Amino acid sequence: MSDIKSDNIVWHQGSVDRKRREAINRHRGLTIWFTGLSGSGKSTLSVALEERLTGMGCRTYRLDGDNIRTGLNRDLAFSPDDRIENIRRIGEVASLFRDAGIINLTAFISPYRRDREMARALADEHDFVEVFVDAPLELCEQRDPKGLYAKARSGAIPNFTGISAPYEPPEQPEVHLDTGTNSLSVCVDQLVAFLVRNGYLEQSLIAAAGQTFETGA
Ligand SMILES: Nc1ncnc2c1ncn2[C@@H]1O[C@H](COP(=O)(O)OS(=O)(=O)O)[C@@H](OP(=O)(O)O)[C@H]1O
Ligand SMILES: Nc1ncnc2c1ncn2[C@@H]1O[C@H](COP(=O)(O)OP(=O)(O)O)[C@@H](O)[C@H]1O
């Protein structure tokens, strides 16, 4: 890649590859990328979907904005440049998890379309499922699970998404969830149905969990 700062970097290939890891896991490495306003339901959904997938015997890992910002990305705040770098790093981390054969669920506002597309571009086709967690700003503000909208309205938090910073909704997400109207369990069922319908989950995993799904549209 042209933007690598160092010369003399030579890729080192191991002997265990992604295919072998995936064969053991009985599913592909996959990124499920949740995007939406604060309070739209990204964290809640990713936790619930991870619970469901783990119940089927899938290997999963959840990457959540608030958590990652206490560690790997603790040097980043919420300026446009910092958000771009936040999502660039998460795109790379998600790529590592795919290579590990793990279903990774990312819950970041990821407000810029271009950055989400950059994260997608690191994945093979079909290995990146963008989920638009859609709830109207007014509802997110009513929910205000962490009291951040109130702080943002009072001016205590600058650059707050939806109030004083932009959010660019996906144009063609693989899954569009209306969390303003539908319950959490309906949304999780929609997600699982999408994964089954599109061949991400083997029938044997689903059968082992004793679950049945309506996979129609
Ligand atoms: N200014 C501002 N704007 C938006 N959100 C803010 C801000 N300051 C702090 N928070 C809290 O940080 C969480 C969003 O972090 P992300 O890493 O997902 O943001 S981004 O993708 O870089 O835009 C977000 O979490 P969620 O509510 O889960 O979305 C907030 O808890
Ligand atoms: N269908 C739904 N999916 C996800 N969350 C929902 C849904 N309906 C209501 N909620 C509620 O909305 C809030 C979403 O908060 P959270 O998951 O922290 O959002 P985000 O991670 O996008 O900031 C929670 O209080 C959750 O219980």
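All of these numbers come straight from a predicted model, not from anything done at the bench.

Visitor: Can you help me understand unusual backbone geometry in this one?
Guide: In terms of backbone geometry, most residues other than glycine have negative phi values and most peptide bonds are trans. For Ser110, which is not a glycine, the phi torsion comes out positive at approximately 40 degrees. Here Ser110 shows up in the loop between β3 (103-107) and α5 (113-121). Here the phi dihedral of His126 falls at roughly 80 degrees; this positive angle occurs in a residue that is not glycine. Structurally, the position occupied by His126 is in the loop between α5 and β4 (128-134).

Visitor: I would appreciate a short explanation of the nonpolar core in the present structure.
Guide: Side chains of a nonpolar character, in soluble globular proteins, are inclined to be buried together. Counting residues in hydrophobic clusters, the biggest one holds 26 residues, and the most contacted among them are Ile32, Phe34, Leu49, Val131 and Leu201. Elements with a minimum of two residues in this core: β1 (30-35), α2 (42-55), β3, β4, β5 (175-178), α8 (184-197) and α9 (203-208). Among the elements that line this core, the one with the most residues is α8, at seven residues. Here Leu49 is in contact with Ile32, Phe34, Leu105, Val188, Leu191 and Val192, once residues within four sequence places are set aside.

Visitor: It is not clear to me how the site of ligand 1 should be interpreted in this structure. Could you clarify?
Guide: Lining the immediate surroundings of ligand 1 are 22 residues, of which Ser38, Arg69, Arg83, Asn86 and Lys146 lie closest. Ser38 places a side-chain nitrogen or oxygen 2.5 Å from an oxygen atom of ligand 1. Here an oxygen atom of ligand 1 and a side-chain polar atom of Lys42 are 2.9 Å apart. Relative to its unbound accessible surface of 630 Å², ligand 1 loses 93% to contact with the protein. In terms of residues, the shell around ligand 1 owes the most to one element, helix α4 (residues 80-99), which gives three residues.

Visitor: Honestly, the site of ligand 2 in this entry has me stumped. Any pointers?
Guide: Around ligand 2 sit 16 residues, and of these Gly39, Lys42, Ser43, Thr44 and Asn182 come closest. One nitrogen or oxygen atom from the main chain of Asn182 is found 2.8 Å from a nitrogen atom belonging to ligand 2. Broken down by element, the residue count for the shell around ligand 2 peaks at four residues, all from α2. Considered class by class, the residues forming the shell around ligand 2 number five nonpolar, nine polar and two charged.

Visitor: Is there a simple way to explain the pattern of salt bridges in this structure?
Guide: A side chain of one charge can pair with a side chain of the opposite charge if their charged atoms are brought near each other. Applying the stated criterion to the full structure yields 18 salt bridges. One salt bridge in this structure joins Asp64 and Arg62, with 3.6 Å as the shortest N-O distance. Between Arg88 and Glu85 there is a salt bridge whose closest N-O contact spans 2.9 Å. Residue Arg88 and its partner Glu85 are located together in helix α4, separated by three residues, close to a single helical turn. For Arg88, a relative accessible area of 40% puts it in the partly exposed group.

Here is what the cut-offs are and how they apply
Residues numbered from 1 in each chain as written. Chains lettered and ligands numbered in written order. Predicted model: local features only at pLDDT ≥ 70, side-chain atom pairs only at ≥ 80, totals over all residues. Heavy atoms only, no water. Helix = DSSP H or I, 4+ residues; strand = E, 2+ residues; numbered from the N terminus. Core = buried A, V, L, I, M, F, W, Y, C linked by side-chain atoms within 4.5 Å. Buried < 20%, exposed > 50% of the residue type's maximum accessible area, 1.4 Å probe, protein only. Contact = heavy atoms within 4.5 Å. Near = heavy atom within 4 Å. Polar contact = N/O pair within 3.5 Å; in protein donor to acceptor, adjacent residues only side chain to side chain. Areas by Shrake-Rupley, 256 points an atom, 1.4 Å probe, with all protein chains shown as cover. Nonpolar A, V, L, I, M, F, W, Y, C, P; charged D, E, K, R; others polar. Salt bridge = Lys/Arg side-chain N within 4 Å of Asp/Glu carboxyl O.

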